Amino acid sequence: MLLALLALALIALVLAMPLIAREARRWRVRRAARRGSGDPLDIPLYDPGRERRAEQRARELLRSCVNDEEWAMYRDLGFIRVGGRHARRESDRAAPGGPVYAYLVYPHKPIVAYVPGSGQLLSEYCVEFPDLTGSGGRHRLPASDDVLAKWMALTSDEDRVIRRANMHLVGRQLDPARVRRDLWRLAEWERRRQRRGVTSSSGE
Amino acid sequence: MKPGHGEVLLAEGDPRVREEEERLIEEFRRQLDEGMWAAVPTTHPGSGRREAQLVKTYGDIPTGADRVIFFPRASGG
C-alpha cells in the first residue's frame, strides 16, 4: 500500500515538473523586474540645466534669424513687432510710415494685432506649437523658439497662421492695459534708438 | 525645434554630394511626415529685410540655403 502511494506521488511529481519549471521561470523573471525597478540608479535623472541650455540655444537661433532691430527689441522689451502684409489699398502698401497694422509677438502668449499709427488694439490670436512627437508629456518650446516659430510663421505665410489661430478681442488672455504699456515702451525704445542714431551720425 | 529640448541638429551634409543629399531628403520627408513645418530664414538682397520662407518640398529650398528649420505646426491655443 505504501509502495503504491510512493509510486503515485512520484508519477504526480514527474507530471507536474513542466508546470513547476514554468512557474519557477516566471518567478525568476518577476524577481528580476522587481530588482530592476527598485534600483535607484535606473530612475531617469532630472537635469535642471536642460531647459536653461535649450533657452540659450533658442536665443542664439532667434538672433541668427531676425534682423538686428528685432533682436534688440526682443532682448530689451521681451517681444518682437512684425509688420502685417495686407493692405486695403495699394497706396497703404507703399505708405512711408510702415505697415497699416502690425503684430506684437510674445513668448507663450497670444499674438496681438494693432494699428501702429493710432495704437488701437485690434485682436489677439491664440496660437501654440504643440509637441507632435507623441512622447506623452506636454512639452512646449523654449520661450525664444516660440517667438521664432511665430515670427517664421507670420513672415512666411501670415494667412495660414492667422487662420489656424483662435481669434479674440484683446483682453481674453492679455491685459489690454499691459499691451498699451508695451506699445508705449516700444515707442520710447524706438525714440531712444533714433536719438542714439542721430547722435552717432552727427558725431561722425 | 523640439518642444522640451529646443534646437536639435537633425542632419547635415552637402546637397551637392549625392549620398549626403539623399540623407537630407530622407530627413526632410520624415520631419514633414511627422507634421512639422519647414522654413528657411532669408534676407532680401535689396532691403536687407529678414523673413522666413515656408518650404513644402525639398525642391522648394532656395539654392544656397544653409539651413532648414523645422518647427511644430501652429494650432489654435
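Analysis parameters
Residues numbered from 1 in each chain as written. Chains lettered and ligands numbered in written order. Predicted model: local features only at pLDDT ≥ 70, side-chain atom pairs only at ≥ 80, totals over all residues. Heavy atoms only, no water. Phe/Tyr/Trp six-rings, centres within 6.5 Å; stacked < 30°, edge-to-face > 60°. Lys NZ or Arg CZ within 6 Å of the ring centre and 35° of its normal. Buried < 20%, exposed > 50% of the residue type's maximum accessible area, 1.4 Å probe, protein only. Helix = DSSP H or I, 4+ residues; strand = E, 2+ residues; numbered from the N terminus. Pairing = 2+ DSSP bridges. Contact = heavy atoms within 4.5 Å. Buried area = accessible area lost by both parts, 1.4 Å probe. Salt bridge = Lys/Arg side-chain N within 4 Å of Asp/Glu carboxyl O. Nonpolar A, V, L, I, M, F, W, Y, C, P; charged D, E, K, R; others polar.

*Asks:* Before we move on, can you summarise the packing of aromatic side chains with the specific residues and values?
*Replies:* A complete count under the given rule lists eight aromatic pairs over all chains for this structure. Ring-pair connections join several aromatic residues into one group, and the members of that group are A:Tyr101, A:Tyr103 and A:Tyr125. The ring of A:Tyr106 has A:Lys109 sitting right over it, with the charged end atom 5.8 Å from the ring centre. Sitting over the ring of B:Trp37, A:Arg160 keeps its end group 4.1 Å from the ring centre.

*Asks:* Explain the pairing of strand β3 (residues 69-72) of chain B to me, using residue names and the numbers behind them.
*Replies:* Residue and element names in this part refer to chain B. Covered by surrounding structure in β3 are Ile 69 and Phe 71 together with Phe 70 and Pro 72, the residues of both alternating faces. In this sheet, β3 lies alongside strand β1 (residues 36-43) in antiparallel orientation, the contact comprising four bridges. Bridged to Ala 38 within β3 is Phe 70.

*Asks:* With reference to specific residues and values, describe the environment of A:Arg57.
*Replies:* All names here are of chain A. For Arg 57, the position within the fold is in helix α2 (residues 50-65). For Arg 57, a relative accessible area of 33% corresponds to the partly exposed category. Considered as a pair, Arg 57 and Ala 24 are 33 residues apart in the sequence and their alpha carbons are 53 Å apart.

*Asks:* Give me the interface of chain B and chain A: which residues, what numbers.
*Replies:* Across the contact, 28 residues belong to chain B and 34 residues belong to chain A. In total, chain B and chain A occlude about 3000 Å² of area from one another, counting both sides; carbon and sulfur atoms represent 60% of this. Our count for the contact surface shared by chain B and chain A stands at one salt bridge. The salt bridge partner of B:Glu51 is A:Arg85, with a shortest N-O separation of 3.2 Å. Of all the secondary structure elements, the ones that give two or more residues to the side of chain B that touches chain A are β1, β2 (50-55), β3 and β4 (75-76) of chain B. For the side of chain B that touches chain A, the residue count by class is twelve nonpolar, eight polar and eight charged. In the sheet, strand β4 (residues 121-128) of chain A pairs with β4(B) via two bridges, with the strands oriented antiparallel. Of the residues in β4(B), the one forming a bridge with A:Val127 is B:Gly76.

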